[in-house]
Amino acid sequence: MNELYRSKEAFLKYLDAIRGYSPLTIRSYHDAIDEMLRYAEISNEADEIAINLMPLRLRIASLKSKTIAAKLSAVRSYVKYLRSEGQSVELRGDESVKIPKTLPKPISHDHILHALQYAEPTAKLAITLLYTLGLRISELTHLRLSDMGDRWCRIRGKGDKERDIPMLEHIALMVEAYQRIHPSKEYVFEALGEKLSENSLRYTIIKAFAKVGLKVTPHQLRHTYATELLNNGARIADVSELLGHASMATTQIYTKLGNALKMDHYRQSHPLCRRDEASE
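These numbers were taken from a predicted model, which means no experiment stands behind them. (Residues numbered from 1 in each chain as written. Predicted model: local features only at pLDDT ≥ 70, side-chain atom pairs only at ≥ 80, totals over all residues. Heavy atoms only, no water.)

J.: Let's hear about the side chain of threonine 128: which residues, and what values?
T.: With respect to the helices and strands, threonine 128 occurs in helix α6 (residues 121–133). Accessibility expressed as a relative area gives 4% for threonine 128, which makes it buried. The contacts of threonine 128, once residues within four sequence positions are left out, are Leu116, Ile171 and Met174. (Helix = DSSP H or I, 4+ residues; strand = E, 2+ residues; numbered from the N terminus. Buried < 20%, exposed > 50% of the residue type's maximum accessible area, 1.4 Å probe, protein only. Contact = heavy atoms within 4.5 Å.)

Encoded structure:
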């Protein structure tokens with residue numbers, strides 16, 4: 001990282017002395033590169049520096065498109081300069097990936113715990129599964145008992161693509177306890193022998209939060225799951241795979257990691273994981 005900061009200063013001098021850029025333009029390059037160094041995911045892989053811009057792009061997604069383009073252009077120029085100086089650099093996350101300008105507002109961990117205290121069994125389990133597994137409401141609806149193991153849960157997402165998500169022991173015990181109260185044949189959530197609909201589960205979850213004065217949607221819980229993991233040090237590649245972002249998984253941004261590494265990062269990053277460790 002220090003090497004990149006030193007190279008940045010050399011690059012800015014190059015823009016001034018060789019390219020003849022104005023002080024204002026050089027300042028904008030300085031700020032854009034500093035922002036990249038602060039928020040991008042940077043790693044040394046063999047003799048190559050890998051720079052993943054996706055965390056930066058998520059951070060600046062709400063800015064005007066012209067501003068975003070200028071920032072990314074400055075970063076590309078810097079990387080081009082590094083390569084011209086003999087440095088091997090791989091720039092990831094620079095593809096044309098649509099990032100929504102507005103993302104669902106995450107819910108605080110404390111607010112979720114507060115709602116869980118007053119939730120009835122179906123709502124409590126549904127909220128917990130969305131929050132600890134990062135599911136879509138459609139995936140929760142189709143969640144089968146046979147998909148859930150002791151430590152992993154197999155999810156069938158969009159396009160019937162499967163992914164395995166770490167599942168905490170006390171979550172598995174919650175499912176078992178729920179089944180003793182509301183036994184089902186195939187799906188986790190059933191009523192009168194039929195799978196509960198998305199609308200039914202959505203209403204149950206929204207009502208549970210409304211009971212404590214909060215307006216929360218199921219998708220906000222999925223977004224909160226991702227936000228908690230990223231804010232606590234999980235790699236964006238891990239989080240993307242856990243969320244089942246199939247369209248991004250085809251790019252170099254989101255590389256598949258081994259299950260052991262995913263479990264390690266998950267246990268270190270999710271607040272409910274830390275609760276499990278404290279009880280051991």
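Now that the structure has been shown, we can carry on.
J.: Summarise the pattern of salt bridges; cite the residues concerned and give the values.
T.: Counting across every chain of the model gives 13 salt bridges. The salt bridge involving lysine 8 is made with aspartate 34; its shortest N-O contact spans 2.8 Å. Taken together, the residues span a long stretch of sequence, with lysine 8 in helix α1 (residues 2–17) and aspartate 34 in helix α2 (residues 23–39) at a distance of 26 residues. By relative accessible area, aspartate 34 is classed as buried at 15%. Taking the shortest distance from any N to any O, the salt bridge between glutamate 198 and arginine 202 comes out at 3.9 Å. (Salt bridge = Lys/Arg side-chain N within 4 Å of Asp/Glu carboxyl O.)

J.: Break down unusual backbone geometry for me, citing the residues and quoting the values.
T.: Despite not being glycine, leucine 192 shows a phi value in the positive range, around 55 degrees. Among the secondary structure elements, leucine 192 is positioned in the loop between β6 (190–191) and β7 (194–195). By relative accessible area, which is 87% here, leucine 192 ends up exposed.

J.: I'd like a description of the sheet that holds strand β1 (residues 41–45), backed by residues and values.
T.: The sheet built from 3 strands is open, its strands ordered β1-β2-β3 with mixed pairing. Two strands bound the open sheet, and with one partner strand each, they are β1 and β3 (89–92). Averaged over neighbouring strand pairs, the angle between their axes works out to 20 degrees when direction is ignored. (Pairing = 2+ DSSP bridges. Axes fitted to C-alpha atoms, helices over the stretch in contact; angles between N-to-C directions.)

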